[in-house]
Every structure is written in structure tokens, then in C-alpha cells.
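Remarks on the overall topology
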Amino acid sequence: MTAEIIDGKAFAAGLRARVGDAAAAFEAQAGRKAGLAVVLVGEDPASAVYVRSKGKATIAANMASFEHRLPADTGQDSLIALVDRLNADPAVDGILVQLPLPAHLDEQEVLLRIDPDKDVDGFHPVNAGRLATGMEGFVPCTPLGCLMLLKDQLGDLSGKDAVVIGRSNIVGKPMAALLTAASATVTLAHSRTKDLPGHVSRADIVVAAVGRAGFVKGEWLKPGATVIDVGINRTDNGLTGDVEFDSAASVAGAITPVPGGVGPMTIACLLRNTLVAAHRREGLQLDQAAL
């Protein structure tokens, strides 16, 4: 068996195009563009690249991009004051504070300060609670992108056995909640899970978000399983995922590559969340299922 490659790059391009069309329609209705504000503190090279990419993608999707670049020695009070101004700014629908922040800053306090209705990253505990209880809120972009790829590949997820490896607040926990809401039967596994290969061998869906290069082996997989590899690990051989790709591709029915799989979906879903936030703030209807 040779697995079908799930082309996240192509899917994300289509999603960005649909969001761009809907954003143009929003501007015609609301008389303004949907706006995303991104805050970068310091000069972390990887973060700077991400911020530039987000800014370009935002503008390309017919939205307003507001970038705030602050020096590395910015104090906690100054950063909180900026977040407060963005919360109050009617032109800003979504706020993203690029992580990681410099060590002297309290990330949790900053994230808690963001208005949950502008928290398009979906990290605020209010949005985590909304997701857990089935209420309308914002879902972290990476697991949302994973869910969209899974539904595109498999259609109805009801009754599927799913294993999520990794229990972070950013990917693992929300991914498990999304799959549960889609009526899959979910095991949330982690580094202390006993007989992890045994759990994986029974899964129709495997989402790997553990942060270890090549951690999931092809021999663990159920033949025909759909594998979503969230990992991005820098190795001597370049970027690799959390799944041992060659061995997995010989067993799985479908698999995301690294790069080109989940990664492109994150920014696309960030734009989608921003557009949803703009519509909610203006009291306008948006057919989210069409995005």
C-alpha cells in the first residue's frame, strides 16, 4: 500500500481564496475591512518570518493588517497597555501576540488580557471552555486546520476511532475536543501512555503532535489509517514530522507530508477566524460551512 498524500498546501490556498472572497463581501457590507493585529516583541528570527507571512497573507485576503513590532526589552505594563488599546480599537477584529515572548514577560497574563471575542488564536481559557462545552468560540488554528483536512479526506468522522498523541493546550487538547464534537471515539495519548503502539494500531485516525522527530512508526499503524502529522522538527536532514514518513506511507491510507501538510493550514485558519470575528462584531451572517 502507498498512502495518498494529503496536500495541505493546495487545500490552504483554496481556503485563503474563499476567505478573500468573503472578506471582500464583508467590506462591501460593513464599509470597512476585517482587521488582524499581530504583536511581535523582540527579534526572534522564526517569529519574524511568521509575522511577515501572516501580514502578507492578511493583505492578500482583502483584510487590514496591523503589525506592532516592539523591542525585546519592552516591559509587561507596556505590552498589556498595547493589548488593551487593540481590544478597544473598532478596526481590529482579531489579535495575535506572537509566541514565544522574551523570558521576562508573563505570557499567560498577556494572553488572558486579550478580549476572548478577538482571540483568533483560540488560546484564551474562555474559548477553551466554549470548545469543551460545545459553545460558539474560537478554536486554535492548527487543530482546526487538521479537522478540515480530515473531513475533506474522510467525510463524516462519526464512529471513527481516533488517537491524538500530545496533550498541549495549543494542539492536543483542542484536537481531541474537535474530534469528540465530530462524534469520533477519541483517545488522548501522551508520553506516559502505556502501550502507545497498541492504541495507535486500533486507530482509523492518528494525529501526531508530540514534538519528536520520527516518533510514530509505520509498524504501529492500522493499515489504511489516515495520519495527520503536526510535528515540525529541524534535523540534520531538514524539516521532519513526528511520524516516520517512509514507513508510515507504506501502511497508511492517507498521510500529510512535512512540510506541505498541516503547516499551511495554520495561517489560512487564522484568516478564517479573523473573518468570523469581524462578522460577529458587526452582527452580520457568515456561512462558515462554505469556507
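Residues numbered from 1 in each chain as written. Predicted model: local features only at pLDDT ≥ 70, side-chain atom pairs only at ≥ 80, totals over all residues. Heavy atoms only, no water.

1. Side note on the pairing of strand β7 (residues 205-208)
Because side chains alternate across β7, one face comprises the buried residues Ile205 and Val207, and the other comprises Val206 and Ala208, equally buried. Strand direction decides the pairing type here: strand β5 (residues 161-165) and β7, joined by four bridges, are parallel. Bridge pairing in β7 places Ile165 opposite Ala208. When β7 meets strand β8 (residues 226-229), the two strands line up parallel, connected through four bridges. Pairing of Ile205 across the sheet is with Thr226, part of β8. (Buried < 20%, exposed > 50% of the residue type's maximum accessible area, 1.4 Å probe, protein only. Helix = DSSP H or I, 4+ residues; strand = E, 2+ residues; numbered from the N terminus. Pairing = 2+ DSSP bridges.)

2. Considerations on the sheet that holds strand β2 (residues 35-41)
Taken together, three strands build an open sheet; the order of strands is β3-β2-β4 and the sheet is parallel. Single-partner strands in this sheet number two, and they are β3 (64-70) and β4 (94-97). Ignoring strand direction, the axes of neighbouring strands in this sheet form an average angle of 15°. Sheet topology places β2 next to β4; four bridges connect them, and they run parallel. Its bridge partner being in β4, Val39 is matched across the sheet by Val97. Docked against the sheet, helix α3 (residues 76-88) engages β2, β3 and β4, running at close to 175° with respect to β2. (Axes fitted to C-alpha atoms, helices over the stretch in contact; angles between N-to-C directions. Contact = heavy atoms within 4.5 Å.)

3. A closer look at the pattern of salt bridges
Summed over all chains, the structure comprises 10 salt bridges. Here Arg32 ties to Glu282 by a salt bridge, and the two come within 2.9 Å at their closest N and O atoms. Taken together, the residues Arg32 in the loop between α1 (8-30) and β2 and Glu282 in helix α10 (residues 263-282) connect sequence positions 250 residues apart. A single salt-bridge network, built from bridges that share partners, covers Arg32, Asp93, Arg281 and Glu282. (Salt bridge = Lys/Arg side-chain N within 4 Å of Asp/Glu carboxyl O.)

4. Some details on the UniProt feature "domain: Tetrahydrofolate dehydrogenase/cyclohydrolase catalytic" (unreviewed entry) in the protein chain
Under the local residue numbering, the UniProt record ascribes the feature "domain: Tetrahydrofolate dehydrogenase/cyclohydrolase catalytic" (unreviewed entry) to residues 6-121. The straight-line gap between the two end C-alpha atoms of residues 6-121 is 24 Å; of that span, 51% is helix and 16% is strand. (UniProt positions renumbered as here; feature names shortened; annotations may be inferred.)

5. As for the layout of surface pockets
Within this model, the largest pocket holds a volume of roughly 1200 Å³. Lining the largest pocket are 44 residues; nearest its centre among them are Tyr50, Thr142, Ile232, Gly263 and Thr266. For the lining of the largest pocket, the element with the most residues is helix α2 (residues 45-60), which contributes six residues. When its residues are assigned to classes, the lining of the largest pocket shows 25 nonpolar, 12 polar and seven charged. When its volume is computed, the second largest pocket comes out at roughly 560 Å³. In terms of lining, the second largest pocket is formed by 25 residues, of which the most central are Val139, Leu144, Leu178, Arg272 and Gln288. (1 Å grid on protein atoms, 1.4 Å probe; cavity = no way out; pocket = protein on both sides within 12 Å on 5 of 7 lines; lining within 4 Å. Points joined across faces, edges and corners; volume = space filled by probe spheres on them. Nonpolar A, V, L, I, M, F, W, Y, C, P; charged D, E, K, R; others polar.)

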